[in-house]
Amino acid sequence: MKTESRLEKVLAAGHFAVTAECGPPKGSDVGALEEKGKILLNKVDAVNVTDNQTAIVRMSSVAACSILKNLGHEPILQMVTRDRNRIALQSDLFGAYALGMRNVLCLTGDHQCFGNQKQAVGVFDLDSIQLVRTVRDMRETGKIIGGEDIQVPPRMFIGAAENPFADPLSWRVVRLAKKVDAGVDFIQTQCIFNLDRFSRFMEQARDMGLTEKISILAGITPMKSVGMARYMANKVAGMDVPEDLIKRMAGVPKEQQAEEGIKITVETIQQVREISGVAGVHLMAIEWEHKVPEILAAAGLDKRPVV
Amino acid sequence: MIVAELKRIDEIRKMIDRYSSILVVGCDSCVAECAAGGNRETMLLAAALRLSYRKDNKNPVITEACLDRQCVDDFIEGIAHQVPEHEVILSLGCGAGVQALARVYTDKPIIPALDTLFIGETQMRGVWQENCLGCGQCKLGHFGAVCPVTRCSKKLMNGPCGGSKEGRCEVHPEIPCGWDMIVTRLETLGELDRLSEYVPPVDWSTSHSGGPRRVVREDQKP
């Protein structure tokens, strides 16, 4: 094992892994975070703690990770390069490891224009791939950027995101290969609604031998209503929601749409499990975390392996 | 060139209302090309100010002048004879021009009439595009002559982010995705291989992050 990560052990043992997202509160409400955390406890192999997602100010991901860890979770620390330069990022990696975090997801982050601090400076000192390499170098060589040695280097299991639906299409798998070269151990993809395009992406990844080197977790988001489906299709950066899916949601009465959304989610999980090279699922139930146990039970994934 | 835009008259007036004689000074270089601060725009602004003051029953002295370049001492001296007769200089130069005037005319307040925006090009009449941030280490040779530092909203060096959709940036549909342009151009040139190599963190110390920059060349000194 490269690290002490539980997620690494689960994946190495060949189990189909389950991770889920848990967004920190807008404020310092520890109770609210613990409540969300308790719903997911023992239902997932690791929990992703978002980092000021969509550029909206929330409790710091390092602090929220620590709270969830104390609850018994295995956190995946999400880190975006939008808000912190290389000094702050490396410093937070030291701190997170000291607090017991063993997984990190390296992201660039949504542009600050999406959030509630639109006038903020966008830092982007590093990009996500450079952050991946930075974390890997800390682990493999015990050095920070610039080559200085550090005492007790963080040994993180390194993740990154990939959006199989963004453009330019010819470039997506090349970028994935670049992330693998930079030192990624696992990938969590953008929410999958367009299974055809995701299958093609996975085929390309297999052809390039990438699925042999890293674990790809398929990103899944349940939709609460046809309104949410339309919103995701039109307003959220990098989403691909096929018209058929919107029609299917629109085709059921309003009060049954949430149920239909969950049905679609379970079907999607089952379909991605059939695709060769998919090592697990990553559930992003946005402000709907309490539905995750129900979805996992319906998909037959509610029993998590002991490793 | 430097691209700038004229400030609103009310914003300019707030800064100059306290003076009774104003020397309005244009710059007939970059800001003339972008139709913000050249000879023509200087005359127009002076006329607009006179009209605006007349409406308020005020009648300050307003004189126009235009320099070929506001950022070079030899040219700046061209208004030396007019400066003493005025209480303030309203500059239609870029930020560099305003500060150069202040360095030369130490006893005069210099007020900017423009908002200086960026280093860019005239893409067509009425359209100016930012395409250089002056990072101090030109990387265009690696990226098909499309600058990722400037044309990507996140300054990404290792490929497009997940927000690139149909050639458009996630920040605004009117912004072309810089990385889409890089990939398309290198594909056309058959040089896409340039992008597979990992690009390490940028050395920003040669950019403004290293503090205000200065070039000194002994061979050019008088």
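What you are looking at is a predicted structure, and each value in this text was computed from that prediction instead of being measured.

1. Topic: the overall build of chain A
Reasoning step 1: When helices and strands are tallied, chain A shows twelve helices and eight strands.
Reasoning step 2: The globule rule puts the C-alpha radius of gyration for 307 residues at 19 Å, and the 18 Å found for chain A is close to it.
Reasoning step 3: Its C-alpha atoms give chain A principal-axis dimensions of about 60 × 45 × 45 Å.
Reasoning step 4: Burial analysis of chain A (307 residues in total) assigns 51% to the buried set.

2. Details of the interface of chain A and chain B
Reasoning step 1: Taken together, the contact between chain A and chain B spans 27 residues of the former and 24 residues of the latter.
Reasoning step 2: Breaking the side of chain A that touches chain B down by element, the ones donating at least two residues are α5 (128-141) and α6 (169-182) of chain A.

3. Observations regarding helix α4 (residues 86-98) of chain A
Residue and element names in this part refer to chain A.
Reasoning step 1: If you check α4, its first and last C-alpha atoms are 18 Å apart, about what 13 residues at 1.5 Å a residue would give, namely 18 Å.
Reasoning step 2: All of the buried residues in α4 are Leu89, Gln90, Asp92, Leu93, Ala96 and Tyr97. One face of α4 carries all of its buried residues, which in axial projection span an arc of 160 degrees. Facing away from the buried side of α4 by over 90 degrees, the exposed positions are Ile87 and Ala98.
Reasoning step 3: As for α4, its buried residues are in contact with α3 (61-70), β3 (75-80), β4 (103-107) and α5.

4. What to know about the domain arrangement of chain B
Interfaces are often sized by the accessible area lost when the parts come together.
Reasoning step 1: Each assigned domain of chain B is listed here: domain 1 (2-118) and domain 2 (133-195).
Reasoning step 2: Taking only C-alpha atoms into account, the centre of domain 1 of chain B sits 37 Å from that of domain 2 of chain B.

5. A few points about the nonpolar core
Reasoning step 1: Counting 86 residues, the largest nonpolar core has Leu77 and Cys106 of chain A as its most contacted members.
Reasoning step 2: With five residues, α5 of chain A is the single largest residue contributor to this core.
Reasoning step 3: Counting residues in each nonpolar core, the second largest holds 34 residues, with Ala46, Ile89, Cys94 and Trp128 of chain B among its members.

6. Concerning the pairing of strand β2 (residues 21-27) of chain B
All names here are of chain B.
Reasoning step 1: Counting buried positions along β2 yields six of seven residues, so the element is predominantly enclosed.
Reasoning step 2: When β2 meets strand β3 (residues 61-67), the two strands line up parallel, connected through seven bridges. Within the sheet, the bridge partner assigned to Gly26 lies in β3 and is Cys66.
Reasoning step 3: Both β2 and strand β4 (residues 88-91) contribute to a ladder of four bridges, which runs parallel. Bridge assignment links Val25 to a residue of β4, and that residue is Ser91.

7. Digging into the environment of Pro84 of chain B
Reasoning step 1: Within the secondary structure layout, Pro84 of chain B lies in the loop between α4 (73-76) and β4.
Reasoning step 2: Expressed as a C-alpha distance, the spacing of Pro84 of chain B and Lys14 of chain B, which sit 70 residues apart in the sequence, is 22 Å.

8. Things to note about the sheet that holds strand β1 (residues 17-22) of chain A
Residues and elements named next belong to chain A.
Reasoning step 1: Ordered by their spatial adjacency, eight strands build a closed barrel running β1-β2-β3-β4-β5-β6-β7-β8, and the pairing between neighbours is parallel. Across this sheet, the average inter-strand angle for adjacent strands is 30 degrees, counted without regard to direction.
Reasoning step 2: The pairing of β3 with β4 spans five bridges and is parallel. Following the sheet pairing, Met79 is matched in β4 by Cys106.

9. Regarding unusual backbone geometry
Reasoning step 1: In this structure, Thr54 of chain A takes a positive phi of about 50 degrees despite not being glycine.
Reasoning step 2: Locating Thr54 of chain A in the fold gives a position in the loop between β2 (46-49) and α3.
Reasoning step 3: Classification of Thr54 of chain A as partly exposed rests on a count of 17 C-beta atoms within 10 Å.
Reasoning step 4: The backbone phi angle of Lys155 of chain B is positive, close to 55 degrees, even though this residue is not glycine.

10. Focus: the packing of α5 of chain A against α6 of chain A
Residues and elements named next belong to chain A.
Reasoning step 1: Direction vectors running N to C along α5 and α6 enclose 20 degrees, while the axes themselves pass 8 Å from each other. One way to sum up the angle between α5 and α6 is to call them roughly parallel. Crossing handedness for the pair α5 and α6: right-handed. Along its contact with α5, which presents Ile129, Val132, Arg133 and Arg136, the element α6 presents Lys178, Lys179 and Ala182.
Reasoning step 2: Split into classes, the residues belonging to the contact of α5 with α6 amount to three nonpolar, no polar and four charged.

11. Some remarks on the sheet that holds strand β7 (residues 127-132) of chain B
Residues and elements named next belong to chain B.
Reasoning step 1: Read from one edge of the open sheet, three strands run β1-β6-β7, paired in antiparallel fashion. The open sheet terminates on both sides in strands that have one partner only, identified here as β1 (2-6) and β7. The sheet shows a mean angle of 70 degrees between the axes of neighbouring strands, taken without regard to direction.
Reasoning step 2: Where β1 lies against strand β6 (residues 114-124), five bridges are found, and the strand directions are antiparallel.

12. Let's talk about the packing of α6 of chain A against helix α7 (residues 195-207) of chain A
Residues and elements named next belong to chain A.
Reasoning step 1: In contact at an axis separation of 10 Å, α6 and α7 are set at 45 degrees when each is read in the N-to-C sense. In terms of axis orientation, α6 runs oblique to α7. As for how α6 packs across α7, the hand of that crossing is right-handed. Here Arg172, Val173 and Leu176 of α6 come into contact with α7, specifically with Phe201, Gln204 and Ala205.
Reasoning step 2: Partitioning the contact of α6 with α7 into residue classes produces four nonpolar, one polar and one charged.

About the cut-offs
Residues numbered from 1 in each chain as written. Chains lettered and ligands numbered in written order. Predicted model: local features only at pLDDT ≥ 70, side-chain atom pairs only at ≥ 80, totals over all residues. Helix = DSSP H or I, 4+ residues; strand = E, 2+ residues; numbered from the N terminus. Rg over C-alpha atoms; globule rule 2.2 N^0.38 Å. Buried ≥ 20, exposed ≤ 12 C-beta atoms within 10 Å, placed from the backbone. Contact = placed C-beta atoms within 7 Å. Expected span 1.5 Å × (residues − 1). Arc of directions from axis to C-beta. Domains from an automatic or database assignment. Core = buried A, V, L, I, M, F, W, Y, C linked by C-beta atoms within 7 Å. Pairing = 2+ DSSP bridges. Axes fitted to C-alpha atoms, helices over the stretch in contact; angles between N-to-C directions. Parallel < 35°, antiparallel > 145°, perpendicular 65-115°, else oblique. Left-handed = near helix turned anticlockwise from the far one by under 90°. Nonpolar A, V, L, I, M, F, W, Y, C, P; charged D, E, K, R; others polar.

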